[in-house]
Amino acid sequence: MSNYQCEACGKYKAADVSKIGVGDKVNFGVVTKSSSLTIRLSIKEGEVTEVDGDILTIKVKRGGTYKQRRGSVTPEGAPGALTYALFGRCDCGEEAKS
Ligand SMILES: [Zn+2]
């Protein structure tokens, strides 16, 4: 996780999602509507089983298969949205090395 931290500014670099491929573990959020007034966000964790351009097919351990856009998933071990909210996102222009 620390290799996502920028040495220059101490903030966290954006994860490089362009390298995500079949067999990679990823996290993503799914919004479910539990009633007409309530929506719920749950974080799913799964394994990429198919890549079709920017659409990833992700098999979740228990709970089936999801199709997600590449830009809406984060690689396992990468900082989540909460980390960026707390510590800030690196703006030096460097990409995280994996
Ligand atoms: Zn930085």
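Structure: see above.
Before going into details, it helps to say that this report is about the structure given with it. If you're wondering where the values come from, they're calculated on a predicted model, not measured in any experiment. (Residues numbered from 1 in each chain as written. Predicted model: local features only at pLDDT ≥ 70, side-chain atom pairs only at ≥ 80, totals over all residues. Heavy atoms only, no water.)

1. Things to note about the pairing of strand β1 (residues 25–33)
As a reminder of what qualifies: Two strands pair if DSSP finds at least two bridges between them. For helices the rule is a DSSP run of H or I covering at least 4 residues; for strands it is a run of E covering at least 2, with both sets numbered from the N terminus onward.
Inspection of the sheet shows β1 paired to strand β2 (residues 39–52) by nine bridges, in the antiparallel sense. Among the inter-strand pairings, Thr32 is bridged to a residue of β2, identified as Arg40. Hairpin geometry of β1 and β2 is characterised by an intervening segment of five residues between the two adjacent antiparallel strands. As paired elements, β1 and strand β5 (residues 73–75) share three bridges and run antiparallel to each other. When the bridges of β5 are listed, Val26 appears paired with Pro75.

2. Points about the coordination of the zinc ion
Quick reminder of the rule: Excluding water, the donors of a metal are its N, O and S neighbours within 2.8 Å, or within 3.2 Å for Na, K and Ca, and that exclusion means sites may look incomplete. Just to be clear on the cut-offs, tetrahedral is four donors with all angles between 85 and 135 degrees, square planar is four donors and octahedral six with opposite donors over 155 degrees apart and all others between 65 and 115, and anything else goes down as irregular. Each residue is assigned to one of three classes by its accessible area relative to the maximum for its type, calculated with a 1.4 Å probe on protein chains only: buried under 20%, partly exposed between the two thresholds, exposed over 50%.
The protein atoms that coordinate the zinc ion are Cys6 (SG), Cys9 (SG), Cys90 (SG) and Cys92 (SG), at distances of 2.3 to 2.4 Å. Here the zinc ion binds four donor atoms, and the angle range of 104 to 115 degrees at the metal identifies the geometry as tetrahedral. Sequence spacing of the donors to the zinc ion: C-x2-C-x80-C-x1-C. On the basis of relative accessible area, Cys9 is assigned to the partly exposed category, the value being 36%.

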